[in-house]
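If you want the building blocks of each chain, they are given just below.
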Amino acid sequence: MILSPEIIAFLMIAGFMAGVIDSMAGGGGLITLPALMAAGVPPVGAVATNKLQSSLGTFGACIAYARAGHMDLKTYRWPIIAAFAGSVGGAWLVQRVSPSILAGLMPALLIAIAAYFTFSPKISEIDRHQRIGIAALSLLIGGIGFYDGFFGPGAGAFYTTIFLALGGLSLLRSTAQAKAANFASNLAGLLTMMVGGHVLWMVGLAMAVANIVGAQIGARLAMRFGSRLIRPLLIVMSLALTAKMLLDPKNPIHLYLFG
């Protein structure tokens, strides 16, 4: 599929904006997926190409957080591995059943996340007591990885909430660890879709360059302003994703609820 330079420029702008938002709060696919489909890319190709650009952008955000010392890959290696394995399972299953089976749960979960960050007490900027062990945390993160491979929207917000509410991490460190898990599940989804030959490489790589730049900016903004910036963005993106799912007639959740 050949796209004009103007369309590619439009997609790169979308990739940049998604990189900024995704590195802070997740939900960048809310921007890039509609942009790819508006450019005429078929749905499966749009999802596959979005995985390519988001994988590279998320990897760039991981590097920024790791260099600043906010990411602990050794302690949380098993949740990251679980996210990868879960995503492989989700991407395998989505090729055999309708995504609407799982999609029906997502608006309620996203609204719950928005409510948590809106009404919870002041979120700490330092780590707290971890409420569950690494094994249980890995199972939960693996479940979100499965969702990311199976359906996708909002996975970053789910990862962040689990690391924050149950993992005992500060909001900034939860965001950093969420990027590592999100990169793992994005990469797993990308590899699965590469086997099917659905990735538009030139478009995806062009968007990835812009996404990486945006992700670096977003990560630095998050590290500078902390919960003052991350918390409201998580609320806004959770509600925006919910509205997108409910109102878009092409989205599986809309078909699931309204037929």
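Residues numbered from 1 in each chain as written. Predicted model: local features only at pLDDT ≥ 70, side-chain atom pairs only at ≥ 80, totals over all residues. Heavy atoms only, no water.

A.B. asks: How do you make sense of the environment of Arg224 when you look at a structure like this?
C.D. replies: Structurally, Arg224 can be placed in helix H10 (residues 201–225). By relative accessible area, which is 66% here, Arg224 ends up exposed. (Helix = DSSP H or I, 4+ residues; strand = E, 2+ residues; numbered from the N terminus. Buried < 20%, exposed > 50% of the residue type's maximum accessible area, 1.4 Å probe, protein only.)

A.B. asks: How should the packing of helix H1 (residues 5–25) against H10 be read in this particular structure?
C.D. replies: Packed helices, taken two at a time, are described by their axes: the angle between them and the distance between them. As a packed pair, H1 and H10 sit with axes 6 Å apart at the nearest point and diverge in direction by 30°. In terms of crossing hand, the pair formed by H1 and H10 is right-handed. Looking at the contact of H1 with H10 residue by residue, the classes come out as 17 nonpolar, six polar and no charged. (Axes fitted to C-alpha atoms, helices over the stretch in contact; angles between N-to-C directions. Left-handed = near helix turned anticlockwise from the far one by under 90°. Nonpolar A, V, L, I, M, F, W, Y, C, P; charged D, E, K, R; others polar.)

A.B. asks: I'm lost on empty space enclosed by the protein in this one. Help?
C.D. replies: A water-sized probe rolled over the atoms picks out the places where empty space is left. Enumeration over the complete set of coordinates arrives at one cavity of 30 Å³ or more. The space that makes up the largest cavity amounts to roughly 50 Å³. Lining of the largest cavity is provided by Gly19, Asp22, Ser23, Ser54, Gly57, Thr58, Ala61, Lys179, Asn211 and Ala215. At the level of elements, H1, helix H3 (43–67) and H10 are the ones that each hand at least two residues to the lining of the largest cavity. It is H3 that contributes the most residues to the lining of the largest cavity, four residues altogether. Its residues assigned to classes, the lining of the largest cavity shows two nonpolar, six polar and two charged. (1 Å grid on protein atoms, 1.4 Å probe; cavity = no way out; pocket = protein on both sides within 12 Å on 5 of 7 lines; lining within 4 Å. Points joined across faces, edges and corners; volume = space filled by probe spheres on them.)

A.B. asks: What is the right way to read the UniProt feature "transmembrane region" (unreviewed entry) in the protein chain from this model?
C.D. replies: The UniProt entry lists residues 7–32, 75–94, 100–119, 131–150, 156–175, 187–209 and 229–247 under the feature "transmembrane region" (unreviewed entry), expressed in the numbering used here. Spanning residues 187–209, this segment combines 78% helix with 0% strand, and its end C-alpha atoms are found 16 Å apart. (UniProt positions renumbered as here; feature names shortened; annotations may be inferred.)

A.B. asks: Can you walk me through the packing of aromatic side chains in this structure?
C.D. replies: By convention here, two paired aromatic rings are described through the distance between centres and the angle between planes. Applying the stated criterion to the full structure yields three aromatic pairs. Relative to Phe163, the ring of Tyr76 lies with its centre 5.8 Å away and its plane at 90°, an arrangement referred to as edge-to-face. Taken together, the residues span a long stretch of sequence, with Tyr76 in the loop between H3 and helix H4 (77–94) and Phe163 in helix H8 (residues 155–165) at a distance of 87 residues. As far as the burial class goes, Tyr76 and Phe163 line up, both buried. (Phe/Tyr/Trp six-rings, centres within 6.5 Å; stacked < 30°, edge-to-face > 60°.)

A.B. asks: It is not clear to me how the nonpolar core should be interpreted in this structure. Could you clarify?
C.D. replies: One broad rule of soluble globular proteins: the nonpolar side chains tend to lie buried together. Counting 38 residues, the largest nonpolar core has Tyr65, Ile141, Tyr159 and Phe163 as its most contacted members. Counting only elements with at least two residues in this core, the list comes to H1, H3, H4, helix H7 (134–150), H8, helix H9 (171–195), H10 and helix H11 (227–247). If we ignore the near neighbours within four places in the chain, the residues touching Ile141 are Pro79, Ala83, Tyr159, Ile162, Phe163 and Ala181. Listed in part, the eleven residues of the second largest apolar core include Ala14, Ala39, Ala46 and Met207. (Core = buried A, V, L, I, M, F, W, Y, C linked by side-chain atoms within 4.5 Å. Contact = heavy atoms within 4.5 Å.)

A.B. asks: Looking at this structure, I do not really get H1. What am I missing?
C.D. replies: One full turn of an α-helix is made of 3.6 residues, so residues set three or four places apart face in the same direction. Its 21 residues give H1 an end-to-end C-alpha distance of 30 Å, which sits within 8% of 30 Å, the value for a rise of 1.5 Å per residue. Just beyond H1, the residue with positive phi is Gly26, at close to 80°. (Expected span 1.5 Å × (residues − 1).)

A.B. asks: Help me understand the side chain of Asn50, please; the structure alone is not making it clear to me.
C.D. replies: Mapping Asn50 onto the fold places it in helix H3. According to the relative accessible area criterion, Asn50 is buried, its value standing at 10%. Excluding its chain neighbours within four sequence positions, the residues that come into contact with Asn50 are Gly29, Thr32, Leu33 and Leu36.

A.B. asks: Teacher, can you tell me more about a nonpolar patch on the surface here?
C.D. replies: Taken together, the side chains of Leu56, Phe84, Val88, Leu191, Met194, Trp201, Leu205 and Ile212 make up a nonpolar region of the molecular surface, amounting to roughly 600 Å² of accessible area. Taken together, the elements giving at least two residues each to the nonpolar patch come down to H4, H9 and H10. The greatest single-element share of the nonpolar patch, amounting to three residues, is contributed by H10. Among the secondary structure elements, Phe84 is positioned in helix H4. A residue is classified by how much of its surface remains accessible, and Phe84, at 31% relative accessible area, is partly exposed. (Patch = residues over 30% accessible without salt bridge, like charges linked within 9 Å, V, L, I, M, F, W, Y side chains within 5 Å. Areas by Shrake-Rupley, 256 points an atom, 1.4 Å probe, with all protein chains shown as cover. Salt bridge = Lys/Arg side-chain N within 4 Å of Asp/Glu carboxyl O.)

A.B. asks: It is not clear to me how the packing of H7 against H9 should be interpreted in this structure. Could you clarify?
C.D. replies: Their axes nearest at 9 Å, the elements H7 and H9 cross at an angle of 45°. Taken together, H7 and H9 sit at an angle that is classed as oblique. Judged by the sense of rotation from one axis to the other, the crossing of H7 with H9 is right-handed. Facing Ile141, Gly145 and Asp148 of H7, the residues of H9 in contact are Ala181, Asn182, Ser185 and Asn186. In terms of residue class, the contact of H7 with H9 is made up of two nonpolar, four polar and one charged. (Parallel < 35°, antiparallel > 145°, perpendicular 65-115°, else oblique.)

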